[in-house]
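Structural features, examined
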Amino acid sequence: MIPISKPLLGPEEHQAVIEVLASGQLAQGPRVAEFERRFAALVGTKAAIAVSSGTAALWMALLAHGIGPGDEVITTPFSFIASANSILFTGAKPVFVDIEETSFNINPMLIEAAITPRTKAILLVHLYGNPADMEAIMAIAREYGLLVIEDCAQAIGAEINGKKVGSFGTGCFSLYATKNICTGEGGMITTNNDEIAERCRKLRQHGMSVRYYHDSLGYNFRMTDLQAAIGIVQLSKLEPFTQKREANAYYLTEHLHNVITPTVRPGTRHVFHQYTIRVKGDRDEAVKMLTEAGIGTGVFYPLPIHKQKVYVELGYTDHLPVAEQAAREVISLPVHPALSQADLDKIVREVNQL
Ligand SMILES: *Cc1c(COP(=O)(O)O)cnc(C)c1O
């Protein structure tokens, strides 16, 4: 079976973890600090704050911006549920705006109609590693004085005209085991705003300023040095990993011919966390056939967030046709850096036979 994702960990990661074990410093320590410095340099922001997960990163970013009960946050219905759940955690209300048909990302042309006097922020997602239309989104945010939170969980290294995602607004990354680089579990917040960075550091550590003196309510969202040690090595491999993902994606696009393949907007770098096609006809049958042929697939996501039971029970009745159709048609094919030429040819052969 060709897996849909595969963490690529070599002897360098093993060695890095052994060194941390030998050091005796297992919780947050010097490796976390080093990982944060390198991460900020990669994204091009003044600060990066390491946390325990991508979900925690989103939640903390919203809290650090003062978002809470009574506020509305505009977001996409077509993402992993953490994107919207992080808004619920703060007591604010997610307001869903439909997506663009080609990019699967939030449609900026529909955002203005969703803005109310309660709107505080736009939380967008760079889905599958494909940058959202930040030029349009930042223009709307400036005009209406809205905060911008970028869910970059799937998009580390993605860029628009040379500017990395996570540096437009407040960036939130995930280092979960299946992401483009991983630490097992983990997350990162990126920002150019010193005050937001400081608030995130406090939220991560029970609102502590000086040891055992707590100024504000906080949590335990820390990353461990074990994870950071893996992350430092993974970060050094990001560029070759991404280049392999891009090469795999271009090969698939060149050779697949009966499905709708992903597009890359001019001037952007899509980092292909997922290579997602649309199939007209019976998607679930196509998934079954590919599985039987030994090709791992993923459906990200089979049900849009506003249709999930937890949201229906909260009273959401939105009809968002583009997201709902995407949920019926998408299949993600393996595109990860561990694929061989034989794997790629097999994927092409089987998908072209659907
Ligand atoms: C993975 C993911 C998250 C959550 O990250 P965790 O590290 O699993 O908490 C959030 N948003 C998107 C789009 C993701 O893919």
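Residues numbered from 1 in each chain as written. Predicted model: local features only at pLDDT ≥ 70, side-chain atom pairs only at ≥ 80, totals over all residues. Heavy atoms only, no water.

A word on the pattern of salt bridges
We count it as follows: By convention in these notes, a salt bridge is any Lys or Arg side-chain nitrogen within 4 Å of a carboxyl oxygen on Asp or Glu. A helix here means a DSSP run of H or I that spans at least four residues, while a strand means a run of E at least two residues long, and both kinds are numbered starting from the N terminus. Burial classes follow relative accessibility: with a 1.4 Å probe on protein chains only, a residue under 20% of its type's maximum area counts as buried, one over 50% as exposed, and anything between as partly exposed.
Here the structure, examined in full by the defined rule, presents 17 salt bridges. The salt bridge partner of arginine 38 is glutamate 34, with a shortest N-O separation of 2.5 Å. Separated by 4 residues within a single helix, arginine 38 and glutamate 34 lie in helix H2 (residues 30–43), roughly one turn from each other. Of the residues examined, arginine 38 reaches a relative accessible area of 40% and is grouped as partly exposed. We classify glutamate 34 as partly exposed; its relative accessible area is 24%. Residue arginine 278 is joined to glutamate 329 by a salt bridge in which the shortest nitrogen-to-oxygen separation is 2.9 Å.

A word on the site of the ligand
Just so we agree on the cut-off: Near residues are defined by distance, with any heavy atom within 4 Å of the molecule or strand qualifying the residue. In the analysis that follows, any N or O atom pair within 3.5 Å is treated as a polar contact, provided that within protein one partner can donate a hydrogen and the other can accept it, and provided that, for residues neighboring in sequence, both atoms belong to side chains. Residue-level accessible areas treat just the shown protein chains as cover; the underlying method is Shrake-Rupley with a 1.4 Å probe. Grid points spaced at 1 Å and placed over the protein atoms alone form the basis of the search, with a cavity being a set where a 1.4 Å probe fits but cannot get out and a pocket an open set showing protein on both sides within 12 Å along at least five of seven lines. Lining residues have an atom within 4 Å of a point. Should more than half of a molecule's atoms lie within 2 Å of a pocket's or cavity's grid points, that molecule is taken to sit in it.
The full set close to the ligand counts 15 residues, and Gly54, Thr55, Asp151, Ser174 and Lys179 are the nearest of them. The contact in question runs from an oxygen atom of the ligand to an N or O atom on the side chain of threonine 55, over 2.5 Å. One of the side-chain N or O atoms of lysine 179 is found 2.9 Å from an oxygen atom in the ligand. Considering the ligand on its own, with 380 Å² of exposed area, one finds that the protein chains cover 93% of that surface. At a threshold of 2 Å from the grid points, most atoms of the ligand map onto the largest pocket. Those elements that provide at least two residues to the shell around the ligand are helix H3 (54–64) and helix H4 (82–89).

So, helix H11 (residues 321–329)
Defined as follows: Any two residues whose heavy atoms approach within 4.5 Å are treated as being in contact.
Those residues of H11 that sit buried are Ala323, Glu324, Ala326, Ala327 and Glu329. Turning to H11, the residues buried within the fold contact strand S13 (275–278), helix H9 (283–292) and strand S14 (330–333).

Observations concerning the environment of threonine 76
As for its placement among the helices and strands, threonine 76 is situated in the loop between strand S2 (72–75) and H4. Residue class for threonine 76 comes out buried when judged on its relative accessible area of 2%. The spacing of threonine 76 and isoleucine 99 is 23 residues in sequence and 6.8 Å in space, taken between C-alpha atoms. When neighbours within four sequence positions are excluded, threonine 76 is seen to be in contact with Phe96, Val97, Ile99, Ile106, Leu123, Val125 and Ile305. Within the structure, threonine 76 has its side chain in polar contact with the backbone nitrogen of phenylalanine 78 (distance 3.0 Å).

As for the packing of aromatic side chains
Aromatic ring pairs are described here by two measures, namely the spacing of the ring centres and the angle between the planes. We count it as follows: Whether two aromatic rings pair depends on their centres lying within 6.5 Å, for rings of Phe, Tyr and Trp, where Trp uses its six-membered ring; planes under 30 degrees apart make the pair stacked, over 60 edge-to-face, and the rest tilted. Over a ring means this: the NZ of a Lys or the CZ of an Arg is within 6 Å of the ring centre and within 35 degrees of the ring normal.
Scanning all chains against the criterion turns up 15 aromatic pairs. Where phenylalanine 96 meets tyrosine 311, the ring centres are 5.8 Å apart and the plane angle is 70 degrees; that geometry is what we call edge-to-face. Of the two residues, phenylalanine 96 is situated in strand S3 (residues 93–96) and tyrosine 311 in helix H10 (residues 309–313); the sequence distance between them amounts to 215 residues. By the burial criterion, phenylalanine 96 is buried, and tyrosine 311 matches it. In this structure an aromatic cluster arises from ring pairing among Trp59, Phe89, Tyr219 and Phe221. Sitting over the face of the ring of phenylalanine 168, lysine 163 holds its NZ or CZ atom 4.9 Å from the ring centroid.

A short note on the pairing of strand S5 (residues 147–151)
Note the cut-off: Think of it this way: DSSP has to see at least two bridges between two strands before they count as a pair.
Summarising burial for S5: 4 of the 5 residues are buried, a large majority. Of the pairings in the sheet, the one linking strand S4 (residues 119–125) to S5 comprises 5 bridges and is parallel in character. What sits directly across from alanine 121, in S5, is leucine 147. Bridge count between S5 and strand S8 (residues 170–174): 3 bridges; the pairing is parallel. Bridge pairing in S8 links aspartate 151 to cysteine 172.

Here's the deal with the layout of surface pockets
Operational definition: Grid points are joined across faces, edges and corners, and a volume is the space filled by probe spheres set on the points. By the convention adopted, Pro, Cys, Tyr, Trp, Phe, Met, Ile, Leu, Val and Ala count as nonpolar, Lys, Arg, Asp and Glu as charged, and the other residues, Gly among them, as polar.
Roughly 440 Å³ of internal volume is contained in the largest pocket. Phe80, Ser174, Tyr176, Lys179 and Tyr301 are the residues nearest the centre of the largest pocket, which is lined by 29 residues in total. When contributions to the lining of the largest pocket are tallied by element, the ones reaching two or more residues are H3, H4 and S8. The leading source of residues in the lining of the largest pocket is H3, at 3 residues. Of the residues in the lining of the largest pocket, the class split is 13 nonpolar, 13 polar and 3 charged.

Notes on the sheet that holds strand S12 (residues 268–269)
What the 3 strands build is an open sheet, ordered S7-S6-S12; its pairing is antiparallel. The open sheet has two edge strands, strand S7 (163–164) and S12, and neither has a second partner. Two strands pair when backbone bridges link them, and strand S6 (residues 159–160) and S12 are joined in this way by 2 bridges, in the antiparallel orientation. Paired with glutamate 159 across the two strands is arginine 269, which belongs to S12.

Considerations on the packing of H3 against helix H6 (residues 194–204)
Relative orientation and spacing of two packed helices are given, respectively, by the angle between their axes and the distance between those axes. Threshold: Inter-axis angles, ranging from 0 to 180 degrees, are taken between N-to-C directions of lines fitted to C-alpha atoms, where helices are fitted over the stretch in contact. An angle counts as roughly parallel when it lies under 35 degrees, as roughly antiparallel when it exceeds 145, as roughly perpendicular when it falls between 65 and 115, and as oblique in every other case. Each helix crossing is assigned a hand: it is left-handed if the near helix lies turned anticlockwise from the far helix by less than a right angle, otherwise right-handed if that turn is clockwise.
In contact at an axis separation of 9 Å, H3 and H6 are set at 125 degrees when each is read in the N-to-C sense. Compared by their axis directions, H3 and H6 come out oblique. Two packed elements cross with a definite hand, and for H3 against H6 that hand is right-handed. Every residue of H6 that contacts H3 at Met60, Leu63 and Ala64 is listed here: Ile196, Arg199, Cys200, Leu203 and Arg204. Tallied by class, the residues present in the contact of H3 with H6 amount to 6 nonpolar, no polar and 2 charged.

Remember, this is a structural readout, not a statement about activity or role.
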